[in-house]
Amino acid sequence: MDEKKAKNEIVRYMKSLGIYKKEFTRAILILSKMLADLDAAEQKFINNGGEFVVEHTNKNGNTNLEKNPEYQIIENLRRDSIAVMRELGLTPQGLKRYNDKLTANDNNKKESSLESVLKMYGA
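Here the structure is a predicted model, which means the values were calculated and not measured.

### Some thoughts on the overall build of the chain
Part 1 of the reasoning: Helix and strand counts for the chain come out as five helices and two strands.
Part 2 of the reasoning: Taken over 123 residues, the chain has a buried fraction of 21%.
Part 3 of the reasoning: Considering only contacts in the chain between residues 6 or more positions apart, those separated by 24 or more positions represent 51%.
Part 4 of the reasoning: When the accessible area of the chain is evaluated, it comes to approximately 9200 Å², of which 53% is carbon and sulfur surface.

### Thoughts on the side chain of Asn-68
Part 1 of the reasoning: Following the sequence through the fold, Asn-68 ends up in the loop between strand S2 (63–67) and helix H3 (69–88).
Part 2 of the reasoning: Looking at Asn-68, the relative accessible area reads 8%, which means it is buried.
Part 3 of the reasoning: Polar contacts involving the side chain of Asn-68 include one to the main-chain carbonyl oxygen of Glu-51, which spans 2.7 Å.
Part 4 of the reasoning: Ignoring anything within four residues of it in the chain, the contact list for Asn-68 reads Phe-45, Glu-51, Phe-52, Val-53 and Val-54.

### Things to note about H3
Part 1 of the reasoning: With 20 residues, H3 should reach 28 Å at 1.5 Å per residue; the first-to-last C-alpha distance of 29 Å fits that figure.
Part 2 of the reasoning: Along H3, the positions that sit buried rather than exposed are Tyr-71, Ile-74, Leu-77, Ser-81, Val-84, Met-85 and Leu-88. When H3 is viewed along its axis, its buried side chains cluster within an angular range of 150 degrees and face the same direction. Exposed side of H3, more than 90 degrees from the buried face: Arg-79 and Glu-87 are the residues found there.
Part 3 of the reasoning: Contact partners of the buried residues in H3: helix H1 (3–17), helix H2 (25–47) and S2.

### A closer look at the packing of H1 against H2
Part 1 of the reasoning: At a closest axis distance of 8 Å, the pairing of H1 and H2 adopts a crossing angle of 125 degrees. Of the possible angle classes, the one that applies to H1 and H2 is oblique. In this structure, the crossing between H1 and H2 has a hand that is right-handed. On H2, the residues touching Glu-3, Ala-6, Lys-7, Ile-10, Val-11 and Met-14 of H1 are Ile-28, Leu-29, Leu-31, Ser-32, Lys-33, Leu-35 and Ala-36.
Part 2 of the reasoning: Here the residues of the contact of H1 with H2 sort into nine nonpolar, one polar and three charged.

### So, a nonpolar patch on the surface
Part 1 of the reasoning: There is a patch of nonpolar side chains on the surface, built from Phe-52, Val-53 and Leu-65 and spanning about 310 Å² of accessible area.
Part 2 of the reasoning: In this structure, Phe-52 sits in the loop between H2 and strand S1 (53–57).

### Remarks on the packing of aromatic side chains
Part 1 of the reasoning: Counted under the stated rule, the structure contains three aromatic pairs.
Part 2 of the reasoning: Each ring, one from Phe-45 and one from Phe-52, has its centre 5.5 Å from the other, and the planes form 55 degrees; the classification is tilted.
Part 3 of the reasoning: Among the residues examined, Phe-45 registers a relative accessible area of 7% and is labelled buried.
Part 4 of the reasoning: The exposure class of Phe-52 is partly exposed, given its relative accessible area of 46%.
Part 5 of the reasoning: Aromatic side chains Phe-52 and Tyr-71 sit 4.7 Å apart centroid to centroid with 80 degrees between the ring planes, which places their arrangement in the edge-to-face category. Of the two residues, Phe-52 is situated in the loop between H2 and S1 and Tyr-71 in helix H3; the sequence distance between them amounts to 19 residues.
Part 6 of the reasoning: Judged by its relative accessible area of 16%, Tyr-71 is buried.
Part 7 of the reasoning: The rings of Phe-45, Phe-52 and Tyr-71 are connected pair by pair, giving a single aromatic cluster.
Part 8 of the reasoning: One residue, Lys-15, lies across the ring of Tyr-20, its end atom 5.2 Å from the ring centre.

What counts, and where the lines are drawn
Residues numbered from 1 in each chain as written. Predicted model: local features only at pLDDT ≥ 70, side-chain atom pairs only at ≥ 80, totals over all residues. Heavy atoms only, no water. Helix = DSSP H or I, 4+ residues; strand = E, 2+ residues; numbered from the N terminus. Buried < 20%, exposed > 50% of the residue type's maximum accessible area, 1.4 Å probe, protein only. Contact = heavy atoms within 4.5 Å. Areas by Shrake-Rupley, 256 points an atom, 1.4 Å probe, with all protein chains shown as cover. Polar contact = N/O pair within 3.5 Å; in protein donor to acceptor, adjacent residues only side chain to side chain. Expected span 1.5 Å × (residues − 1). Arc of directions from axis to C-beta. Axes fitted to C-alpha atoms, helices over the stretch in contact; angles between N-to-C directions. Parallel < 35°, antiparallel > 145°, perpendicular 65-115°, else oblique. Left-handed = near helix turned anticlockwise from the far one by under 90°. Nonpolar A, V, L, I, M, F, W, Y, C, P; charged D, E, K, R; others polar. Patch = residues over 30% accessible without salt bridge, like charges linked within 9 Å, V, L, I, M, F, W, Y side chains within 5 Å. Salt bridge = Lys/Arg side-chain N within 4 Å of Asp/Glu carboxyl O. Phe/Tyr/Trp six-rings, centres within 6.5 Å; stacked < 30°, edge-to-face > 60°. Lys NZ or Arg CZ within 6 Å of the ring centre and 35° of its normal.

Here is the structure:
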């Protein structure tokens, strides 16, 4: 997925959840770049054999198995993109936190004088 497609998808999801704000544009652009990089890294990993563990020879000449550096990049991009998604409200936990804040803000709003008068008269 390219950055533009990812950005459009993120915005569409946020709008469908009712949480999109233009002030989030920078975070959306960062997330769309991360998702594009993740797709590219996954494709490269697959094209290079998709091995999770590779042999590595250290400076002493000893050969050991270690986690494939390409896969480490994928894991990091996944973790970081989930963190940004959470901040934008695009995970269940992030959406719950966002909605909880909105509810708390609504409960803390003071009633205007007009609202209180209208309530008194049943309007």
